[in-house]
Structure formats: C-alpha cells, structure tokens
Amino acid sequence: MSTLTFPGSLPSPANDCEQLHKAFQGWGTNEGLIISVLAHRPAAHRREIRRAYAEIYGEDLLKALDKELTRDFERAVLLWVLDAAERDAVLANEVVRKWSPGNRVLIEIAVARTADELFAAKRAYQARFKRSLEEDVAAHTNGDFRKLLVPLVSSYRYEGSEVNTSLAKSEAQMLHEKIKSKDYNHEEVIRILTTRSKAQLLATFNDYKNQFGNPINKDLKSDPKNEFLSVLRAIIRCITCPERYLEKVIRLAINKMGTDEGSLTRVITTRAEVDMKQIKELYHKRNSVTLYRAVKKDTTGDYEDFLLALIGHDDA
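The rules behind each value
- Residues numbered from 1 in each chain as written.
- Predicted model: local features only at pLDDT ≥ 70, side-chain atom pairs only at ≥ 80, totals over all residues.
- Heavy atoms only, no water.
- Helix = DSSP H or I, 4+ residues; strand = E, 2+ residues; numbered from the N terminus.
- Contact = heavy atoms within 4.5 Å.
- Salt bridge = Lys/Arg side-chain N within 4 Å of Asp/Glu carboxyl O.
- Buried < 20%, exposed > 50% of the residue type's maximum accessible area, 1.4 Å probe, protein only.
- Axes fitted to C-alpha atoms, helices over the stretch in contact; angles between N-to-C directions.
- Parallel < 35°, antiparallel > 145°, perpendicular 65-115°, else oblique.
- Expected span 1.5 Å × (residues − 1).
- Phe/Tyr/Trp six-rings, centres within 6.5 Å; stacked < 30°, edge-to-face > 60°.

Here we come to the environment of V105. Topologically, V105 is positioned in helix α7 (residues 105-111). Once you skip the residues sitting within four places of it in the chain, V105 turns out to touch L91, V95 and R266.

Another aspect to go through is the pattern of salt bridges. Summed over all chains, the structure comprises 22 salt bridges. Notably, a salt bridge pairs E86 with R50, separated by 3.2 Å at the nearest N-O pair. With E86 in helix α6 (residues 84-97) and R50 in helix α3 (residues 43-57), this residue pair connects regions lying 36 residues apart in the sequence. Look at R50 and you get buried, because its relative accessible area is 19%. Between R191 and E171 there is a salt bridge whose closest N-O contact spans 3.2 Å. Taken as a pair, R191 in helix α12 (residues 187-195) and E171 in helix α11 (residues 165-180) lie far apart in primary sequence, 20 residues in all.

It is at 9 Å that the axes of helix α9 (residues 133-140) and helix α10 (residues 143-154) come closest, and there the two elements cross at 170°. The pairing of α9 with α10 is recorded here as roughly antiparallel in orientation. In this structure, α9 contributes L133, E134, V137 and A138 to the contact, and α10 contributes R146, L149, V150, V153 and S154.

What follows concerns helix α8 (residues 115-129). For α8, which comprises 15 residues, the first-to-last C-alpha distance of 21 Å matches the rise-based estimate of 21 Å (1.5 Å per residue) to within 8%. Taken together, the buried positions of α8 are A115, L118, A121, K122, A124, Y125 and F129. On its buried side, α8 packs onto α6, α7, α9 and α10. Directly beyond the C-terminal end of α8, a positive phi value near 60° is found at K130.

The phi angle at K182 is positive, at roughly 60°, despite the residue not being glycine. Position of K182 among the secondary structure elements: in the loop between α11 and α12. Its identity is not glycine, yet S288 carries a phi of approximately 60°, on the positive side. Tracing the sequence through the fold places S288 in the loop between α18 (276-287) and α19 (291-298).

The geometry of an aromatic ring pair is captured by the separation of the ring centres together with the interplanar angle, meaning the angle of the planes. Considering all chains together, one arrives at eight aromatic pairs under this definition. The interplanar angle of 70° and the centroid separation of 6.2 Å between the aromatic rings of F24 and Y53 together place this pair among those described as edge-to-face. Placement of the pair is F24 in helix α1 (residues 13-24) and Y53 in helix α3, with a sequence separation of 29 residues. For F24, a relative accessible area of 8% corresponds to the buried category. Residue classification places Y53 among the buried positions, given a relative accessible area of 1%. Ring centres 4.8 Å apart and planes at 45° place the aromatic pair Y53 and Y57 in the tilted group.

What follows is the structure, given as structure tokens:
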C-alpha cells in the first residue's frame with residue numbers, strides 16, 4: 001500500500017505548475033513549496049503537472065528542477081517526477097553502464113515488478129536510450145552473470161495463481177540435484193528461476209523445503225564469497241517476499257558507516273506508491289524503530305523532508 005498523503009481536493013495541474021514556477025523565482029529556491037506540491041500528488045497527477053508545465057512555460061519540468069536543486073535532494077525529486085517505467089529505465093541504464101556483480105538493481109527491476117511493469121520499463125528504455133535493455137545487459141555483463149541476467153530481464157512471467165503441483169515437486173528435485181552437485185549455473189536452474197510464474201516458484205520452493213529439510217536459500221549459502229550464489233539468493237528472496245527484500249536494502253543503506261543515499265532514494269521513490277506501508281511495518285518489526293525515525297536520524301535538510309513526506313508519519 002501507498003504511504004502518500006494528498007489534499008482532500010487536488011489542485012489543478014495548472015495551479016500546481018504556477019506554485020512550482022513561483023518556487024523557482026527570486027534569489028533562492030523555495031524547496032519547501034516544491035516538496036509540498038510534488039510529494040503530495042499521485043503519479044497520474046504528477047504526469048499532468050509535467051505536461052502542463054511544458055505547455056505553459058515552454059520548458060520540461062525536469063530541466064527546471066535540475067537547474068534549481070542539488071545533490072541528494074535533486075536526485076530524489078527528479079526520480080520521483082519520472083513515470084515509474086521511465087524511472088526504472090533510468091535506474092537500469094545507470095547500473096548496466098557501471099555494472100558489477102554486487103549490484104542488485106537489475107534484480108529489483110526484473111523481479112520485484114509485475115510482468116507488465118517490467119515490459120513498460122523495457123519500452124521506456126528503448127524510447128529513451130535507442131537500445132534494448134536486453135542488448136545492454138548482454139553487452140556489459142559476462143560469463144554466468146550474462147547467462148542469468150539476460151533471460152531474467154527478458155522474461156514476461158505469467159501472473160496468475162494457478163500452480164502445477166507435480167511440476168513444483170519435479171523442479172524442486174531438479175534444483176536440489178543441481179545445488180547438491182554445485183552446478184549452480186546449469187541452464188535448468190536458470191530456466192526455472194527466470195521463466196516460471198511467481199506462484200509456481202513459491203510452490204517449488206515450499207516443495208524443496210518439505211522434501212529436503214532446508215529452505216533453498218540456505219542450501220545456496222555453501223560459499224558466502226561466491227557472487228553468483230548471492231545473485232541467485234537475491235532473486236529467490238525477491239520472488240518470495242519483495243517487501244522483506246527491500247526492507248533489508250533500506251536497513252543496510254541506513255545501518256552502514258555513512259548512509260547509502262543511492263539505495264535509500266531508489267527504494268523510497270520506487271515503492272512509496274506500491275508497498276511502502278508493508279516495508280515500513282517490516283522495518284519496524286525487524287529493527288524496533290520506525291522507518292520514519294530512522295530516515296530522520298540519517299538524513300538532513302530538504303532531502304530528509306522530501307523522503308519523510310514520501311514515507312509518511314509513523315501513524316500514516
């Protein structure tokens with residue numbers, strides 16, 4: 001569920017544009033006014049604000065914001081103003097160009113989104129960068145990671161709840177056989193994880209535990225330093241419970257020596273309108289402190305105010 005709060009009656013996009021334009025005038029930018037508008041409007045309304053701003057003032061709102069804002073606050077606002085598909089396309093392009101095995105952003109985009117959301121992100125990627133996401137992933141990764149990530153971002157999973165129980169049992173056995181023999185990059189392991197529906201995979205993972213005694217991710221921890229195994233575990237965690245996976249991303253971003261603003265900004269801007277309420281509840285349960293208080297402690301200034309507006313107060 002979303003954590004955004006809106007006025008009882010939304011102002012017209014033209015009125016919001018006037019307020020934003022006013023915030024850009026004079027000697028200093030009125031960051032508080034920008035937050036009061038953009039952090040309290042739903043995605044469809046933000047899209048209309050951006051369209052209306054270009055019509056009224058002859059400038060893309062993103063360019064106007066880019067000129068007025070700086071640093072982490074600028075990054076958060078610009079990501080937020082983008083449509084969800086555009087946002088994912090930008091995030092995917094950034095990580096692909098600087099790809100390293102330890103980066104999990106592609107997994108979030110490929111697995112924590114619905115099939116339609118991933119498809120929309122790939123269309124936005126093509127429109128923005130004049131290349132496909134698949135070809136860029138193939139060009140910038142290598143070896144087993146390429147073998148896994150290209151089909152992962154190419155997938156269009158079935159979203160229904162139907163489950164084939166005999167298939168779940170046989171594929172659990174197949175996964176166990178490959179894991180036991182340490183054949184982690186086997187094409188059947190990759191095929192199962194990248195093409196099966198999430199409902200089917202949940203049934204397979206449950207069957208795996210029932211048949212062999214351990215959760216599949218526990219058996220994939222045989223070599224903690226193996227980055228490929230870490231990626232497999234991340235995919236499985238994202239399939240099993242994306243909210244729990246993303247709670248951990250936030251927890252690690254805040255608990256490090258020095259905040260990982262990139263991860264914190266990414267999760268909050270991509271999930272505030274999706275499942276941030278559940279992520280907040282999981283964070284509170286796991287850490288005995290609310291996410292609101294944790295973010296407030298670890299961030300400052302307009303960046304802090306903007307993120308707090310997106311995640312909502314503790315009682316939101």
